[in-house]
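One-letter residues, chain by chain:
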Amino acid sequence: MLSVMRSAGRLRERLDALQNRDDEQMRRMDKMTKQLDRLAARIEELEEEIQEERALGMRVAQLSDIVQELLIPVADRDEKRLKELLGTYADSL
Amino acid sequence: MTDLVSSHLAATGPTPRPRVSDEGLTLPAEVDATTDVLFDGRRVWSIAPFEFRPDSSGDRWVPWPRLLMPSLDGITTVTVMEHHNERVIFEEDHAFGAGTQRVRFEGPGGALRVIDKWGFIQRPFAHQSREIRDDLLNRAELILEILREECGLSAWIAFGSLLGAVRDGTMIGHDSDVDLAYLSSHEHPTDVAREMFHVSRTLQARGLSVSTRTGSFCAVSVPSEHGQATPIDVYACFYVGDTLYETASVGAPLPREAILPLGTVQFEGRTMPAPADTDALLEASYGPSWRVPDPAFAYDIPRAVKRRFNGWFIQSMKRRRYWDRLYGGMLGIDIPAEPSPFGAWVLPQLEPGAAVIDLGCGNGRDSLWFAEQGHPTTGLDFSPATLGRARKKAAAAGLPATFASVNLYDYRTTVTRAAIVARELPAPRTVYARFLLHQLERDGISNTWRFLDMTLRRGGRAFLEFRTHRDKERPHTYAGYRRFLDPDEICREIKAAGGSVVDRLEGSGLAPYQDEDPDICRLTVVWQR
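Residues numbered from 1 in each chain as written. Chains lettered and ligands numbered in written order. Predicted model: local features only at pLDDT ≥ 70, side-chain atom pairs only at ≥ 80, totals over all residues. Heavy atoms only, no water.

(A) Summary view of the sheet that holds strand β23 (residues 500-507) of chain B. Residues and elements named next belong to chain B. As summarised here, the arrangement of the 7 strands in space is β20-β19-β18-β21-β22-β24-β23, forming an open sheet in which the pairing is mixed. Edge positions in the sheet fall to β20 (401-405) and β23, since each has one partner strand and no second. Strand-to-strand twist in this sheet, taken as the mean axis angle between neighbours without regard to direction, amounts to 15°. Two strands pair when backbone bridges link them, and strand β18 (residues 356-359) and strand β21 (residues 429-434) are joined in this way by 3 bridges, in the parallel orientation. By the bridge assignment, Ile357 is partnered in β21 with Val431. (Pairing = 2+ DSSP bridges. Helix = DSSP H or I, 4+ residues; strand = E, 2+ residues; numbered from the N terminus. Axes fitted to C-alpha atoms, helices over the stretch in contact; angles between N-to-C directions.)

(B) Quick peek at helix α10 (residues 384-397) of chain B. All names here are of chain B. A rise of 1.5 Å per residue sets the reference length of α10, with its 14 residues, at 20 Å; its end C-alpha atoms lie 20 Å apart and thus fit the reference within 8%. Within α10, burial applies to Thr386, Leu387, Ala390 and Ala394. What you see down the axis of α10 is that its buried residues fit within an arc of 100°, all on one side. Among the exposed residues of α10, those oriented more than 90 degrees off its buried face are Lys392, Ala395 and Ala396. Its buried side turned inward, α10 meets α7 (320-327), α9 (365-372), β19 (377-381) and β20. Positioned one or two residues after α10, Gly398 has a phi angle of 65°, which is positive. (Expected span 1.5 Å × (residues − 1). Buried < 20%, exposed > 50% of the residue type's maximum accessible area, 1.4 Å probe, protein only. Arc of directions from axis to C-beta. Contact = heavy atoms within 4.5 Å.)

(C) Here's a closer look at the interface of chain B and chain A. In this complex, chain B contributes 26 residues to the contact, which on the side of chain A involves 27 residues. Summing the contributions of chain B and of chain A, the shared interface buries around 2,400 Å²; its carbon and sulfur component is 55%. The tally of links from chain B across to chain A stands at 5 salt bridges. We note a salt bridge from A:Glu47 to B:Arg307, for which the minimum N-O separation is 3.9 Å. At the boundary of chain B and chain A, one finds 11 residue pairs in polar contact (both at pLDDT 80 or more). Where the side of chain B that touches chain A is concerned, the elements lending two or more residues are α4 (189-205), α6 (303-313) and α11 (411-424) of chain B. For the side of chain B that touches chain A, the class distribution of residues is 9 nonpolar, 8 polar and 9 charged. (Buried area = accessible area lost by both parts, 1.4 Å probe. Salt bridge = Lys/Arg side-chain N within 4 Å of Asp/Glu carboxyl O. Polar contact = N/O pair within 3.5 Å; in protein donor to acceptor, adjacent residues only side chain to side chain. Nonpolar A, V, L, I, M, F, W, Y, C, P; charged D, E, K, R; others polar.)

(D) Molecular detail of unusual backbone geometry. All names here are of chain B. Note the cis peptide between Thr247 and Ala248, where omega equals -20°. Within the secondary structure, Ala248 is located in the loop between β14 (243-246) and β15 (250-253). Although it is not a glycine, Asp40 sits at a positive phi angle of roughly 50°. With respect to the element layout, Asp40 can be found in the loop between β2 (35-39) and β3 (42-47). The exposure class of Asp40 is partly exposed, given its relative accessible area of 36%. Of note, the phi angle at Phe435 is positive, near 50°, even though the residue is not glycine. Secondary-structure assignment places Phe435 in the loop between β21 and α12 (442-456). According to the relative accessible area criterion, Phe435 is buried, its value standing at 16%.

Following this line, the structure appears as structure tokens:
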């Protein structure tokens, strides 16, 4: 009888230990899942940021085209040429 | 084809109710990919189902395209099948009108015609006359010469045209355009885009009709006998490090020796420039099985390549075909021609004779009305088709309304048009934008603020009307792209961009249309500095 009780006690201890280990693993899993979610969100954010930066290149191209084709003649104060250029530049876009 | 149809019908049983009528056809709920319609086994039309609103059962009613209507008299077997795998969705015999002959949809001389999913008539090369093909090739050679001699660029026949040339020395039968490419002299996408702007201008200066589609792609329209212009597409290719980028589908490590020095290839009996190693480039474009013809080929563009091109070169033609088709009557939607409730609301607030700029004027219904009421009006829109029609109406009625193009997705056209308007129209001006903002993506809205800043800084007001976030859950008469904007956010953006909201009205009951009563916001804005 005594040995049965001892065995039962040992089993309970082992079960408790296993339970604790499961709880610990669950906590770690939860933590990892949250970390993965955070990383996925961060990647999405970074991808958006990269696209924003890429778009800047196009804006620079558009602005420098306007400067080259329109603003330099404006700086020359050539009113007739500017009027003509505004028309032809708009038609060419 | 016939065997395929029979076996499919045997497997699925008879169609429960007619899906074909004289007015259109009903697509079952599960169909959402590009779908072909055949008359007596011959393809006449391709449909993009997602453009049509599903009913309560999920089915989509799709009207026959306007350009097909005149041919719909007689009997035919209508087969509807998925484009990419030719799976038959349904097949029905139908008698259109009172005709007793088989329905035929053909051009002069019995030439095959197809209406593409944009509603335009296409004639695949296989069915075009020798004269048309020659004219197209003459233009392609002229463009190659201009690129070489005036732009100093090495250019070649590319993509589908190169594929047809290397395989058979001819155009691919089902292809309906010509592709050209050049190797940019730059590696930075900003410089590649500037070079493309220069290329577009140089081609235009030689009298060609050119549309700059992105910073790395332009299209030259070649008029054709059947009305719909045939495009010659011109693409930039460029290296970043050792990776070759071919607009807008390929980013592959390919040695420069695969491109230069250019070689030649026979194309429709002519000697045309080609990359040094055509096989290597075609493999990069179409994969290792490029030699085997595949009419259903679809690019599987790697995500990273797609993202790069979208980010670098900006698609500035967003949904333009939709607007061309909407205003061309191809979507079966009636656009009112009478003035809108917003126009009627704005009119009493205008100074007598004040100039109006109708930004996003659509069919010009309000522009023409403002002009009728004595306000010189400039209607601006994205869709050249609708501008042409509005111009004709104004001219016929002798109204002081002019119409010009603006693309709010293109910074250059936005600021240039704003500069022209600011110079030509006396201040103070009124900018009127009805149902514009909610049709634009963020970059379009941001350019709209730039336009208002440039046109209103010496005085005047803007009247803006748009759908609010509360309208999202309300019933809508038609499907189509639209956003639902939070007026608080729009007011914040306006303030951040330098404007001030002086009046704000919102709610339903302001712009009812058919069975729809949208929740909208009306803003009056000034932008003085």
